[in-house]
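Summary of structural features
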Amino acid sequence: MTTPCRLYIITPPSLDPKPFAETLKAALDAGDVACLQLRLKDVPEDEIARAADVLMPIAQSHDVAFILNDRPDLAAKLGADGVHVGQEDTPYVEARRLVGKDRIVGVTCHNSRHLAMEAGEAGADYVAFGAFYPTTTKDPKTSCEIEVLQWWAEVMTVPCVAIGGITVENAPPLVAAGADFLAVSNGIWAYKDGPAAAVRAFNALF
Ligand SMILES: Cc1ncc(COP(=O)(O)OP(=O)(O)O)c(N)n1
Ligand SMILES: Cc1ncsc1CCOP(=O)(O)O
Ligand SMILES: [Mg+2]
């Protein structure tokens, strides 16, 4: 039996925690969300910690796993539910050592079946493929064909995340191909009817 695809929300690239908390609450109240990733690039650790202090309790009180981007050390220190690491970040084995066996560790695998098999065999909780569509949130290193998701879903049991430029409008082929999670930033925060409506619309697709 296949499990339905779920939403993995990534925070906007910059945010002011207090006002953003209200937007986040409304979004998480609107429907099922599996994970929230705090992704603040090139900001000091204390700013990440301040944002986590405000946003993590909101995620966790909605049963949404709070994932920190890039920083396994800080994920463990702050009590996050997990960490996401890329190929140029802390390697998986070291990230796992830092966060322990009970936290989630996800790994960017770009468009590479090989990287994904390596990460899955090493013990990653999920592998992330992308970018599937053009995005302004990041200059992605690779673009990924939807067939990779289909192949992964047929052959592997480790969950896969699709990322990159995903919107309510372009998501259906990714869902049909077997993505376990859709990781979405701009497609949530810039949705025409607002983030809560985006969460409802994504859930309606699943
Ligand atoms: C769920 C998810 N997938 C991929 C990424 C990208 O990680 P990375 O390649 O390390 O790039 P940055 O996000 O750190 O710029 C992600 N963050 N989350
Ligand atoms: C972090 C990341 N990694 C590959 S694409 C991307 C950006 C995701 O954000 P958006 O959903 O706005 O394209
Ligand atoms: Mg990274």
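These lines cover the structure that appears in this document, whether it is placed above or below. (Residues numbered from 1 in each chain as written. Chains lettered and ligands numbered in written order. Predicted model: local features only at pLDDT ≥ 70, side-chain atom pairs only at ≥ 80, totals over all residues. Heavy atoms only, no water.)

1. As for the coordination of the magnesium ion (ligand 3)
Taken together, the protein ligands of the magnesium ion (ligand 3) are D70 (OD) and D89 (OD), with distances of 2.0 to 2.1 Å. Of this pair, D70 sits in the loop between β3 (65–69) and α3 (72–78) while D89 sits in the loop between β4 (82–85) and α4 (92–99), and the two are 19 residues apart along the sequence. The class of D70 is buried, set by a relative accessible area of 19%. (Donors = N, O, S within 2.8 Å, 3.2 Å for Na, K, Ca; no water. Helix = DSSP H or I, 4+ residues; strand = E, 2+ residues; numbered from the N terminus. Buried < 20%, exposed > 50% of the residue type's maximum accessible area, 1.4 Å probe, protein only.)

2. What to know about the site of ligand 1
Within the structure, ligand 1 sits among 14 residues, and R39, K41, D89, T108 and K138 are positioned closest to it. Between ligand 1 and the protein, one listed contact pairs an oxygen atom with a side-chain N or O atom of T108 at 2.9 Å. Separating an oxygen atom of ligand 1 from a side-chain N or O atom of K138 is a distance of 2.8 Å. Within the complex, 92% of the 420 Å² of free accessible area of ligand 1 lies under protein. Grouping the constituent residues of the shell around ligand 1 by class yields four nonpolar, five polar and five charged. (Near = heavy atom within 4 Å. Polar contact = N/O pair within 3.5 Å; in protein donor to acceptor, adjacent residues only side chain to side chain. Areas by Shrake-Rupley, 256 points an atom, 1.4 Å probe, with all protein chains shown as cover. Nonpolar A, V, L, I, M, F, W, Y, C, P; charged D, E, K, R; others polar.)

On their own, these measurements won't tell you what the molecule is for.
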